[in-house]
Structure formats: C-alpha cells, structure tokens
Amino acid sequence: MFYLLKLLRDSKTFPLVLVILLTIITSVNAQIRVTPLGDRVVLGTGSSPNDVGGFRDDLHLMLNSNTIPFDFVGSLNDGFSFDPNHEGHPGTTVSAINLSLPSYLQQYRPHIVIIHLGTEEIIQTSDITTIKNGLNDIVNTISNYSSETEIYLSTLIPNRNPGVDFNIDQLNIQIQQLVATQQAFGKNIKLVDLNQAFKSNGSWSIDYMSDDDFPNDLGYSIMSNNLFDVISTNSNYVDQETFTDDFSGRANLGPNWSANPSFGIQTNEMTNMSNQSV
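Because the structure is a prediction, the values reported are computed rather than measured.

Draft legend 1. Spatial organisation of the overall build of the protein. Each helix and strand counted, the protein has nine helices and 11 strands in total. Here the protein, with 278 residues, has 50% of them falling under the buried criterion. Looking at the protein as shown, the accessible area adds up to about 12,700 Å², and 48% of this sits on carbon and sulfur atoms.

Right, here's the structure in full:
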C-alpha cells in the first residue's frame, strides 16, 4: 500500500519526530482530514442525481486531480458521492452546530474545516446578529480545540428572494468583519467569498441556482473552484513536499524518514509497533 507523506526537510530540527498528515494507533495514512460543516448547502441540496454531493464531489475531483491526499470526515454519510462523509445537517442552526462541534472535533480531528452555514437559518429569521455571533462561537470552538486546524469560513451564497438576499448581504458584511477580527487575534482562519463568486456573474440567479435557496450543479462547481483556490493557496497542509513509499521489502523505515522509534514496517505497511499513538 502506498502512502503519501511529508518529507522531513531538517531532521536535526525535528529529531525522532515523524511528520505526517494523519496518525492513528495501528497504521498511518497520509491524508488531510477535511470536515465540510454546515446545512443543506453542504449536504448538496439542489444537486442533480449525477452530482449528489454538491460542491463536495467537485472539490473531491479537484483535490484528486492535483494529487492532494485528503479524506472528508464527519458523522454524516450521504451514501452516494465519491467521499460521502460530511457535517451538512439539514435545517440546522449555528447554535445547534456549535453544541455538537466539540464531539465532531474530538472524533474526526480535522486538519481543515470548511464552513458554509446560515442559509437555512437566515431564511427563517432576520436575526443577523445571532447568526454572526454563533459563527464566531464556532470559530472559537475550533481554534480552542487546535490552533493548527485551518478554518475556511465562507460568505453565504445569494438568494433569489430579494428580502432574504438583502439579509444575506448584511450577514456577509458581518462574516467578513468576523474573519478580519479573528485574523487580527492570530486565529487560523481564511475568508472564502462565495457570494461574490456567484454575483460576479450578472445571471447568477439563472445560471447557478436550482431554486430560490440552493445551487444547481454549475453553482456547486463555482463553489468548489473557489474553495479549492483559497485552500490550495493558503493551506499549510496542502503545500507540502511529498513522496511515495510502498514500504515493501524491508523492516525499517529507511533513510527518508526521521521517526519515532515505535514505528516500523509490518506486511508492507508503516505500523505503530507500540500500543500508544505518537
């Protein structure tokens, strides 16, 4: 089995440390764990039967085509898309997500969290401040879990309903200010302006939407393109020097590795030989 792993550039600086993108107790898969977090937009509502995962399917293809090792992780599984795990909860609110978020983080340990959250809530309420404060709480929850977890917070996509779209525009101003404030405090967060990506096309309401609220396949493709651009440009996990190693024909890790001594090779796989994770 092949594993794609980060090559240590300076073993003197990092003695006896195996720098990897995913560590589990018995074996190591070099994958960037990505949690897509939100409501029906993250679920992919509005997708055609051939593109059921919304932006997640398109982002999957882009990451794969660029040989970026990743795994979408989350408690939900749509059962159809290429990598079906996610946290796109239909009808959810930002406060409900934040209540469950600590358990998601502990269980799935994401390196990257992609957030598009608030579409369904703002359709039901014009309480922009509550939504904005909830998103701020979510950012703090993730940052408190791990300062190395990268947060990609998106503005909300537009809505065909003029009243709802006005509220979305007001919320998006708050989201932009939230990201700027959190960055000033040193938080590991980037803005993804998906609203602008839609509205840069004057025919967005026809070209990109399946109904008033949710994108069609082309709209989800626009989302994935912009997400990929921002993540690939800014992520410390994606921008790594990598190499492949099938671990075959030897019992030791070899000269390419500076590793914790508990790791060795068993049946052509890198394995934690102890009962403790690194």
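More follows now that the structure is in view.
Draft legend 2. A look at the nonpolar core. Core analysis: the biggest nonpolar cluster contains 32 residues, and Ile32, Phe55, Leu63, Ile112, Ile114, Phe198 and Met223 have the highest contact counts within it. Secondary structure elements with two or more residues in this core: strand S2 (32-38), helix H1 (40-43), helix H2 (55-65), strand S3 (70-72), strand S6 (112-116), helix H7 (194-199) and helix H9 (217-234). By residue number, the principal contributor to this core is H9, which donates seven residues. Setting aside residues no more than four positions away along its own chain, Met223 makes contact with Val41, Phe55, His116, Ile157, Leu194, Phe198 and Pro215. Ile142, Leu153, Ile168 and Val179 belong to the second largest nonpolar core, which has 26 residues in total.

Draft legend 3. Here's a closer look at the pairing of S6. In terms of burial, S6 is a largely internal element, five of the five residues being buried. Here S6 shows a buried face lined by Ile112, Ile114 and His116 and a second buried face lined by Val113 and Ile115. Direction of pairing for S2 relative to S6: parallel, over a ladder of five bridges. Pairing of Leu37 across the sheet is with Ile115, part of S6. Bridge count between S6 and strand S7 (residues 150-154): four bridges; the pairing is parallel. When the bridges of S7 are listed, Ile115 appears paired with Leu153.

Draft legend 4. Quick peek at the packing of H2 against H9. Running from N to C, H2 and H9 cross one another at 45 degrees; their axes reach a closest spacing of 8 Å. The angle between H2 and H9 falls in the class oblique. In the packing of H2 onto H9, the handedness of the crossing is right-handed. Here H2 contributes Phe55, Asp58, Leu59, Met62 and Leu63 to the contact with H9, which in turn contributes Asp217, Tyr220, Ser221, Met223, Ser224, Asn225, Leu227 and Phe228. Its residues placed into classes, the contact of H2 with H9 shows eight nonpolar, three polar and two charged.

Draft legend 5. Region of interest: the environment of Asn167. Topologically, Asn167 is positioned in helix H6 (residues 162-184). The class for Asn167 is buried, based on a relative accessible area of 17%.

Draft legend 6. Quick look at the packing of helix H3 (residues 94-108) against helix H5 (residues 128-145). The N-to-C vectors of H3 and H5 enclose an angle of 10 degrees; their axes lie 9 Å apart at closest approach. What the angle tells us is that H3 and H5 run roughly parallel. For the pair H3 and H5, contact is made by Val94, Ile97, Asn98, Leu101, Pro102, Leu105 and Gln106 and by Thr130, Ile131, Gly134, Leu135, Asp137, Ile138, Thr141, Ile142 and Tyr145, respectively. Across the contact of H3 with H5, the residue classes tally to 10 nonpolar, five polar and one charged.

Draft legend 7. Just the environment of Leu178, in detail. Along the chain, the position of Leu178 falls in helix H6. Along the backbone, Leu178 and Leu153 are 25 residues apart, and their C-alpha atoms lie at a distance of 9.6 Å.

Draft legend 8. Looking closely at the pairing of S7. Burial within S7 is extensive, with five of its five residues counted as buried. Residues of S7 alternate between two faces, with Glu150, Tyr152 and Ser154 on one and Ile151 and Leu153 on the opposite face, all of them buried. Where S7 lies against strand S8 (residues 189-192), four bridges are found, and the strand directions are parallel. Counted as the bridge partner of Tyr152 is Lys190 from S8. On the question of chirality, the crossover connecting S7 to the parallel S8 by way of H6 is right-handed.

Draft legend 9. Representation of the packing of aromatic side chains in the model. With the rule as written, the count across this model stands at two aromatic pairs. Ring geometry for Phe198 and Tyr208: centres 5.2 Å apart, planes at 70 degrees, overall edge-to-face. On the criterion of sequence distance, the pair formed by Phe198 in helix H7 and Tyr208 in the loop between helix H8 (204-207) and H9 is long-range, its members being 10 residues apart. A residue is classified by how much of its surface remains accessible, and Phe198, at 0% relative accessible area, is buried.

About the cut-offs
Residues numbered from 1 in each chain as written. Predicted model: local features only at pLDDT ≥ 70, side-chain atom pairs only at ≥ 80, totals over all residues. Heavy atoms only, no water. Helix = DSSP H or I, 4+ residues; strand = E, 2+ residues; numbered from the N terminus. Buried < 20%, exposed > 50% of the residue type's maximum accessible area, 1.4 Å probe, protein only. Areas by Shrake-Rupley, 256 points an atom, 1.4 Å probe, with all protein chains shown as cover. Core = buried A, V, L, I, M, F, W, Y, C linked by side-chain atoms within 4.5 Å. Contact = heavy atoms within 4.5 Å. Pairing = 2+ DSSP bridges. Axes fitted to C-alpha atoms, helices over the stretch in contact; angles between N-to-C directions. Parallel < 35°, antiparallel > 145°, perpendicular 65-115°, else oblique. Left-handed = near helix turned anticlockwise from the far one by under 90°. Nonpolar A, V, L, I, M, F, W, Y, C, P; charged D, E, K, R; others polar. Right-handed = clockwise from strand over helix to strand, strands pointing away. Phe/Tyr/Trp six-rings, centres within 6.5 Å; stacked < 30°, edge-to-face > 60°.

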